[in-house]
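# Notes for the structure review
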Amino acid sequence: MDTPFDQPSTLPYALPPFDDVRLEHFRPAFDAGIAEQRAEVEAIATDPGAPSFENTLVALERSGQLLTRVSHVFFTLSSAESTPELHDLEAEVSPLLAAHRDAITLDSRLYARVDAVRSSLADRADLSDEDRRLVERVHTEMTLAGAGLDDGGKERLTAINQELSTLTTTFERNLLEDTNDLAVHVTDEQELAGLDDGAKSAAAAAAQDRGLDGWLVTLPLYTGHPWLASLTDRGLRERIMRASLSRGRRGNAHDNRAVLLRIVRLRAERAELLGFPNHAAVVTADETAGTPEAVDGLLSSLVPAAAANAEDERAVRSRTVGFGVEAWDWAFATEVLRGEQFAADSSALRPYLEADRVLHDGVFHAAGALYGLTFTERPDLRGYNDEVRVFEVRGDSGEEVGLYLLDLYTRDGKRGGAWMNPVVEQSHLLGTLPVVVNNLNVAKPAPGSPTLLIQDEVETLFHEFGHALHGLIARTTYPRFSGTNVERDFVEFPSQVNEMWVTWPSVLANYAKHHETGEPLPPELVLGLSDSAGFNEGFSTTEYLAAALLDQAWHRLSAAEAAEVTDVEAFERQALASAGIDVAAVPPRYSSTYFAHTFSGGYDAGYYGYIWSEVLDADTVEWFREHGGLSREAGQRFASLVLGVGGAQDPLEAYRAFRGRDAEVGPLLRRRGLE
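Scanning all chains against the criterion turns up 58 salt bridges. Its salt-bridge partner being arginine 109, residue aspartate 107 comes within 2.9 Å of it at the nearest N-O pair. Among the ionic pairs, arginine 338 bridges to glutamate 335, the shortest N-O distance being 3.1 Å. With arginine 338 and glutamate 335 both in helix α13 (residues 330–342), this residue pair falls three residues apart, about one helical turn. Glutamate 335 matches arginine 338 in its accessibility class, with the two residues each being buried. A single network of salt bridges, built from pairs that share partners, joins Glu81, Glu387, Asp407, Arg411, Lys414 and Lys444.

This paragraph deals with the sheet that holds strand β7 (residues 435–442). The five strands lie next to each other as β3-β4-β5-β7-β6, forming an open sheet whose pairing is mixed. Because the sheet does not close on itself, it has two edges, and the strands there are β3 (374–377) and β6 (419–424). Pairwise comparison of adjacent strand axes, ignoring direction, gives a mean angle of 30 degrees for this sheet. Note: strand β4 (residues 389–394) against strand β5 (residues 400–409), six bridges, orientation antiparallel. Counted as the bridge partner of valine 393 is glycine 402 from β5. Across the sheet, helix α15 (residues 355–371) touches β3, β4 and β5, and the angle it forms with β4 is around 20 degrees. Against the sheet, helix α16 (residues 455–473) makes contact with β3, β4, β5, β6 and β7, and its axis sits at roughly 170 degrees relative to β7, the strand it touches most.

Here serine 9 lies in the segment before α1 (23–45). Looking at serine 9, its side chain comes within polar contact range of the main-chain oxygen of leucine 15, at 2.6 Å. Ignoring sequence-local partners within four residues, the contact set of serine 9 consists of Ala14, Leu15, Pro16 and Pro17.

What follows covers the packing of aromatic side chains. Within the structure shown, the criterion is met by 37 aromatic pairs. Geometrically, the ring pair formed by phenylalanine 18 and tyrosine 384 is edge-to-face, given 5.7 Å between the ring centres and 75 degrees between the ring planes. Placement of the pair is phenylalanine 18 in the segment before α1 and tyrosine 384 in the loop between β3 and β4, with a sequence separation of 366 residues. As far as the burial class goes, phenylalanine 18 and tyrosine 384 line up, both buried. Summarising the aromatic geometry, the rings of tryptophan 501 and tryptophan 504 are spaced 5.1 Å apart at their centres and angled 70 degrees between planes, so their arrangement reads as edge-to-face.

Counting 125 residues, the largest nonpolar core has Phe375, Tyr404, Trp501, Tyr511, Leu545 and Trp554 as the members making the most contacts within it. Once residues within four sequence positions are removed from consideration, tryptophan 554 is found in contact with Leu260, Leu261, Val264, Val565, Val568, Phe571, Ser592 and Phe599. If you look at the next biggest cluster of nonpolar residues, it comprises 31 residues, including Leu77, Leu89, Val93 and Val424.

Looking now at the environment of arginine 671. Note that arginine 671 resides in helix α27 (residues 666–671). Arginine 671 sits 326 residues away from aspartate 345 along the chain, and the two C-alpha atoms are 21 Å apart. Discounting residues that sit within four places of it in the chain, arginine 671 has contacts with Gly534, Glu537, Glu614, Asp617, Ala618 and Val621. Only 3.0 Å separates the side chain of arginine 671 from the side chain of glutamate 614, close enough to count as a polar contact.

The rules we used
- Residues numbered from 1 in each chain as written.
- Predicted model: local features only at pLDDT ≥ 70, side-chain atom pairs only at ≥ 80, totals over all residues.
- Heavy atoms only, no water.
- Salt bridge = Lys/Arg side-chain N within 4 Å of Asp/Glu carboxyl O.
- Helix = DSSP H or I, 4+ residues; strand = E, 2+ residues; numbered from the N terminus.
- Buried < 20%, exposed > 50% of the residue type's maximum accessible area, 1.4 Å probe, protein only.
- Pairing = 2+ DSSP bridges.
- Axes fitted to C-alpha atoms, helices over the stretch in contact; angles between N-to-C directions.
- Contact = heavy atoms within 4.5 Å.
- Polar contact = N/O pair within 3.5 Å; in protein donor to acceptor, adjacent residues only side chain to side chain.
- Phe/Tyr/Trp six-rings, centres within 6.5 Å; stacked < 30°, edge-to-face > 60°.
- Core = buried A, V, L, I, M, F, W, Y, C linked by side-chain atoms within 4.5 Å.

So, in structure tokens, the structure goes:
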């Protein structure tokens, strides 16, 4: 079958021809792409010439272009525009792709050639720093993948990887289905007291989409819900929270507990096979952290102050609302307190946070001021859904930079959370410019109603756009280093830095205007946002640390220890208690059975990376404040020394070049009120 993937797209920036893509195209394209790359790799492995950088490493980087094209489109759709049929196909192709990756990374002939090139690097003065990093990265990745194992070890490793690919796909599918099933149906409008008209219209539209009367409260990926801050009906708040907490553990077809336990056991077995004590040791060996002990050193040092702050905050909130605050009350009580202290509650802010204005006059405005980028909407270019908007990005001299796609609204076929995907990766070697997409899950209002965001959604948009900027600005020779292809515990750093512009005075003044009158955000609300910068940090730090430590607990089990764990809930309770982070009213941001980051999203044993990166982020925010803030000069330095190098340089070396020293933890401690 001819497919739209057979040749590079002829659309601008090689944007995939989404209108031409059909479900039946994927399997033939995957089969052809796998076969093509296997033939290319076989030619490299059997090349009669002596191993060289050009005939081994560069040849590997050129291989698999058909498979890359189909994979980027397929996994973009499977996360944002999925159907049962697409899920079935994902379950079918995932083990094939895992086996294909293993066939390359475990090829002894290929590994010997890479090792030979690595051994001869001293003789190649003509190689660039990026060339040398390519050799080292490929050698490290193949080694950690098991290329040095004997045949029996490789056979078992391949079987484990294939089963894990199926299990992680199953975990994600179960979570999506259970999240959809557990959406809270409301038939009495009085229960929605506290929600503004925009939120109510979104809930009504969600119910109508499913053929229901009344209103439907769909669930985000994380434990809480943005509307818990506004709903005055305590019973509905509890229903929403309990629905969220029950995902993946209801004893039905979407129960994730057995899937989770099997994933943990297989990862632990694989680690042992590779000569490591646990999965966390394997993961951190290839990250900037280096070891699980280094991760534990940071996380554990933050726990006592965070947990104590959370307990103090709970006491204050309970006094404020006049009853003992439970998990479902926390956001509501916090908003009451915020209103008393700062006059900056969510309902007062929402009319000033209209989505399109936030995008153009906030997100794009900051990127223009810092990096000289301009964003022009291209209605002639189509995304994979009518709601996807396509923007052409150019530099300050008019040069082509890439395409930015935005998919803002929640849908039943879209997984929860927010993320950035590359659709086309930049590479000088392949002559490609970047195409990136940001996905969010903002509730879509009824037709004719404005999309009004809460502050958390504004921060999320700026955060995910930070990933997009990394993908758009990086300029590397090899696709392996394109954009966000950096160590996992560094990847969140640029996106976290971009959050600083949410409340930067000139940026905030530019986008925070009333959606009806155009009036600027009142001074008391601006002041409230500024004064509340450290507000509620006990809660936010505790819920994050609980999830990060839970991720570490699962993945620091040896194979023998993992085999003994049979009760997911009991393990969770014990892990949190042992870490000193079991605050009753602050559940983990993600509980195990819906922890997509670690059990289906590639952050396994790596969720710590957010706060690990935040050490760099907080230190960088201080640098910007000391060097002109939102200025082209400051932005150019950050772009050239950090964003622009992608993964082509050791990330901590890149940071030292930018900052002039290693990051200091003090700014993070001050930001989170932990000093």
